[in-house]
Amino acid sequence: MIGVVKSLLTYWRPGRQRGLRRMYSQFVRPGDLVFDVGAHVGDRTAAFQALGARVVALEPQPGPAAWLNRIVGGRDGVTILQQAVGAEIGRAQLAVSRAHPTVSTLAHGWRAQIGSANPTFSNVEWDTQIDVPVTTLDELIATYGRPAFCKIDVEGFEAEVLAGLSIALPALSVEYVAGSLDVTARCVIRLETLGRYRYCAYAGEQRTPLWPAWRDAQAVHSWLNAGANGLSSGDLYARLEQTITTQPDQ
């Protein structure tokens, strides 16, 4: 409960919603469909809904999911699913940090090494595991439609989420984390099999982009290989320019 309270104080602090709406307005228009993968306590779900979007918000952790339902569950156009998203439909073991629920993860290899690779995680203890249902982006699209935007923040599991996607989306974001930038590189590689994207990076919870112009995949790989400016974490945004109609063999 203490960990969830910390999240509520962090993500629902005064003024935050205004900044989120301003940033996401470049991707989301009234009537759009948005997927919020790793919705946690719903701050971004609320911003998407306030912009006029229909939102499918997914959060597998019981505690945050309960608060997600309490805060935004009754809002028009919001659908909440207590599920994880991955490469295949099924079930998986979610490693939960009760003190830091924002970093609970399905990426067990990531969890084993991230504490030594990134000081931000050095004191994080994943002290329990829970069995959770897992869906895919393709299954969500078959049920709800193709989203105009998809936010993915799943602590090292982003590439697996995109492995369950077989069509290009107009725009999306994935979290990047120092010490596991190879995960972000895999995300870019996967996206480029679906379409030609341009990319823009943000640091941490900042609302100002790091680059003055959107970059291509090659430039993003160079940036990641150079250490992503030494940043601890942030979000990489992708905007579709051209769909690839012929998919490579899987």
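Residues numbered from 1 in each chain as written. Predicted model: local features only at pLDDT ≥ 70, side-chain atom pairs only at ≥ 80, totals over all residues. Heavy atoms only, no water.

## Looking at the sheet that holds strand β5 (residues 90-96)
At step 1: The sheet built from three strands is open, its strands ordered β4-β6-β5 with mixed pairing. Sheet topology places β4 (84-85) and β5 at the edges, where each strand pairs with a single neighbour.
At step 2: Strand direction decides the pairing type here: β4 and strand β6 (residues 128-135), joined by two bridges, are parallel. Among the inter-strand pairings, V85 is bridged to a residue of β6, identified as T135. (Pairing = 2+ DSSP bridges. Helix = DSSP H or I, 4+ residues; strand = E, 2+ residues; numbered from the N terminus.)

## Examining unusual backbone geometry
At step 1: Within the chain, E155 stands out as a residue other than glycine whose phi angle is a positive 50 degrees.
At step 2: With respect to the helices and strands, the residue E155 is situated in the loop between β7 (149-152) and α7 (158-163).
At step 3: For E155, a relative accessible area of 5% gives the class buried.
At step 4: Of note in the backbone geometry, N229 takes a positive phi value of approximately 60 degrees without being a glycine.
At step 5: Along the polypeptide, N229 turns up in the loop between α9 (217-225) and β10 (233-243).
At step 6: The exposed category is assigned to N229, whose relative accessible area is 57%. (Buried < 20%, exposed > 50% of the residue type's maximum accessible area, 1.4 Å probe, protein only.)

## As for the pairing of strand β9 (residues 195-203)
At step 1: Among the nine residues of β9, seven are classified as buried, and the element is accordingly described as predominantly covered.
At step 2: Two strands pair when backbone bridges link them, and β9 and β10 are joined in this way by nine bridges, in the antiparallel orientation. From the neighbouring strand, R196 faces β10, where its bridge partner is Q242.

## Some points on the packing of helix α8 (residues 181-194) against α9
At step 1: Across the interface, α8 lies against α9 with an axial gap of 10 Å and an inter-helix angle of 170 degrees. Between α8 and α9, the crossing angle belongs to the class labelled roughly antiparallel. Residues L181, T184, A185, V188, I189 and E192 of α8 form the contact with α9, whose own contacting residues are A217, V220, H221 and L224.
At step 2: Looking at side-chain class alone, the contact of α8 with α9 contains seven nonpolar, two polar and one charged residues. (Axes fitted to C-alpha atoms, helices over the stretch in contact; angles between N-to-C directions. Parallel < 35°, antiparallel > 145°, perpendicular 65-115°, else oblique. Contact = heavy atoms within 4.5 Å. Nonpolar A, V, L, I, M, F, W, Y, C, P; charged D, E, K, R; others polar.)

## Examining the side chain of K151
At step 1: Looking at the secondary structure, you find K151 in strand β7.
At step 2: A distance of 2.7 Å separates a polar atom in the side chain of K151 from a polar atom in the side chain of D36.
At step 3: Once residues within four sequence positions are removed from consideration, K151 is found in contact with Y24, F35, D36, V37, G38, A39, R44, F48 and S173. (Polar contact = N/O pair within 3.5 Å; in protein donor to acceptor, adjacent residues only side chain to side chain.)

## A closer look at the packing of aromatic side chains
At step 1: A full pass over the atoms with the stated rule returns 14 aromatic pairs.
At step 2: Seen in terms of ring centroids, F27 and F149 are 5.1 Å apart; in terms of plane orientation they differ by 25 degrees. Their pairing is stacked. With F27 in the loop between α2 (16-24) and β1 (33-37) and F149 in strand β7, this pair connects stretches of sequence that are 122 residues apart.
At step 3: Looking at F27, the relative accessible area reads 9%, which means it is buried.
At step 4: Feature note: the residues Y24, F27, F48, F149, Y202, W214 and Y237 constitute an aromatic cluster, connected by ring pairs.
At step 5: One Lys or Arg, R70, reaches over the ring of W67 and ends 4.4 Å from the middle of that ring. (Phe/Tyr/Trp six-rings, centres within 6.5 Å; stacked < 30°, edge-to-face > 60°. Lys NZ or Arg CZ within 6 Å of the ring centre and 35° of its normal.)

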